[in-house]
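Observations on the model geometry
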Amino acid sequence: MIHKRKIIILPGDGIGPEVTQWGRRTIETIGECYGHLFEFEEALIGHSAIQATGNPLPDETLAACRKADAILLGAVGDPMYDNNPKLKVRPEQGLLKIRKELGLYANLRPIKIFDELAHASSLKPEVLQGSDILFFRELTGGIYFGPQERIAEGDVAISTMIYSKDEVRRIAVKAFEAARTRRKILHSVDKANVLEASRLWREVIQEISPEYPDVTVHHMFVDNAAMQLIKNPKQFDVIVTENMFGDILTDEASQIAGSLGMLASASVGDQVGLYEPIHGSAPDIAGKGIANPLATILSVALMLDIAFGMKRESEAVIEAVDTVLKKGFRTGDIADPGTPKERILGTDAMGQKVLNEIQMAVSLVTGDR
Ligand code: NAD
C-alpha cells in the first residue's frame, strides 16, 4: 500500500503565499513523477492569523501541524509590528510558539554554493566554489534559555549557559547520522578551553563518536570556526554547535552564500519537522510577483530528504534548480548587471522552470518523452 504523506502549508505573510505556492507545486510534481501520494492542508500563522482570529498561532493550526508528516512555512511579519514595538500580539510569537510546542530542537541550515551564483558572495569565487556545508544548530537550550538576572542594584548582569548531556546527545546523533550520508566529516564547534558547558558538549561528542567509526570528527573552537568559514569553507561538511554559536555562525555562513532568496532551513525534533526559507516576509516586494521562490523550493528538497527519506527525489529538486541557474535564468535578487533582461524571471516563471526541469529529467530516465 502506498503511504500518503500529509503536509501542512503555512503561507504566512508578505511573499509567504507567493513562494509556498511553488513549494507545494514542487511537491505535487515530485508526487506525479515518482508515484508518491501527498495530501495538503493550509492553515494560518502570523499577521494573517492575527487578522482572522486575533491569535498568531491559532489552536487549529497547531492541532493540524501535530497530525501532519511535515510542515512547509513561508514567512511571518508585517511592517505594522516592525514600526510599533508596543503591540503585544505579534506575528513572530506564532513562530516561537510552534517551535516550542513541537519540540524543534535542531535547526538545520544547508549552505550550498551554486557555482553560477558564486559572484553574489563577498568572498572570491575560487575560495567558495564547491562549498557545501550543513549546519546543525541546537535551538532550544544554551545561554538563550538559561537563567538571567541583574544583581548589584542592576549594575551587574548574569546570563547562564546550561546544557544537559541528553540535550547535546540528541542533536549530536542527528548530526552524525547526516554526516554519514554525506562526506562523513563532522566539525563540532565549542569553546571548551574556557566554558564548562562546552567541555560537557565535547565530552558527549567524544562519547558518541565510536558509534560512528566512518565519520571523522574534528573539534574546533568557535573563534577559529568563524575564521575558517571565510578562509576555507570547502573544508566543512557537517557542523554541529550550540544555540548562540550556531546563531552567529549560520548568519555569517548565509552571507558566504550571497543571497537570502536561495537559503533553506529545517527545524526538527522527535515529531513533525518544519521546513522554511530563511528569508522573511519581504514586504517591500510582496504582491509584485518578483520574489525568488528557490529558497522555498530548496526547503522542499530538505523536507523530501529528512521527513520522507526520499533522497533521490530531493536530489532531483536540487539538480533542477542547478540546471535552471546553469541555463542562465535568474530572479531579480540574484541577477547581476550582465544578466540579459529576458533571463530575469518573476516568481511564477522561475517556479515553472524548475518544475519543467524536474519533469524533463524524469522523462529522460524513463524514456517517456
Ligand atoms: P526579509 O528577509 O523579509 O527581507 C530582507 C531583504 O531581502 C528585502 O529587501 C527583501 O525584498 C529581500 N528578500 C527576502 N526574501 C526574498 C526573496 N525570496 N526574493 C527576493 N528578495 C527577497 O527581512 P526583513 O526585511 O528584515 O524583514 C521583513 C519582515 O519579515 C519583518 O516583519 C520580519 O520580522 C520578518 N521576518 C520573518 C522571518 C521568518 O518568518 N522566519 C525571518 C526574518 C524576518
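Residues numbered from 1 in each chain as written. Predicted model: local features only at pLDDT ≥ 70, side-chain atom pairs only at ≥ 80, totals over all residues. Heavy atoms only, no water.

The next subject is the nonpolar core. Among the nonpolar cores identified, the biggest contains 83 residues, and Ile7, Phe38, Phe136, Met262, Leu294 and Val321 are the most heavily contacted of them. Here the element with the most residues in this core is helix α11 (residues 294-306); it accounts for eight residues. Residues in contact with Ile7, not counting those within four places in the same chain, are Ile27, Phe38, Glu39, Phe40, Glu41, Ala70, Leu72, Met303 and Phe308. Ranked by size, the runner-up nonpolar core spans 18 residues in total, among them Leu10, Ile45, Ala64 and Leu104. (Core = buried A, V, L, I, M, F, W, Y, C linked by side-chain atoms within 4.5 Å. Buried < 20%, exposed > 50% of the residue type's maximum accessible area, 1.4 Å probe, protein only. Helix = DSSP H or I, 4+ residues; strand = E, 2+ residues; numbered from the N terminus. Contact = heavy atoms within 4.5 Å.)

Structurally, the protein chain comprises domain 1 (1-105 + 261-369) and domain 2 (122-257). For domain 1 and domain 2, the distance between their C-alpha centroids amounts to 26 Å. With 10 residues of domain 1 in contact, the opposing surface of domain 2 contributes 10 residues. With both sides pooled, the region where domain 1 packs onto domain 2 buries about 770 Å², and carbon together with sulfur makes up 69% of that total. Here the side of domain 1 that touches domain 2 is built from residues that sort into five nonpolar, two polar and three charged. (Domains from an automatic or database assignment. Buried area = accessible area lost by both parts, 1.4 Å probe. Nonpolar A, V, L, I, M, F, W, Y, C, P; charged D, E, K, R; others polar.)

This part is about the packing of aromatic side chains. Evaluation of the coordinates by the stated rule reveals three aromatic pairs. Judged by centre distance (4.8 Å) and plane angle (15°), the rings of Phe176 and Tyr212 are stacked. Taken together, the positions of Phe176 in helix α7 (residues 165-180) and Tyr212 in the loop between α8 (196-208) and β9 (216-221) put the pair 36 residues apart, joining distant regions of the chain. The class for Phe176 is buried, based on a relative accessible area of 0%. Above the face of the Phe221 ring, Lys191 is positioned so that its terminal group lies 6.0 Å from the ring centre. The aromatic ring of Phe329 is capped on one face by Arg343, whose charged end is 5.0 Å from the ring centroid. (Phe/Tyr/Trp six-rings, centres within 6.5 Å; stacked < 30°, edge-to-face > 60°. Lys NZ or Arg CZ within 6 Å of the ring centre and 35° of its normal.)

Okay, the site of the ligand next. Around the ligand sit 19 residues, and of these Asp82, Gly280, Ala282, Asp284 and Asn292 come closest. Within the side chain of Asp82, an N or O atom sits 2.8 Å from an oxygen atom of the ligand. Here an oxygen atom of the ligand sits 3.0 Å away from a polar atom, N or O, in the main chain of Ser281. Coverage of the ligand by the protein chains reaches 68% of its 800 Å² of free accessible surface. Of the residues in the shell around the ligand, the class split is nine nonpolar, five polar and five charged. (Near = heavy atom within 4 Å. Polar contact = N/O pair within 3.5 Å; in protein donor to acceptor, adjacent residues only side chain to side chain. Areas by Shrake-Rupley, 256 points an atom, 1.4 Å probe, with all protein chains shown as cover.)

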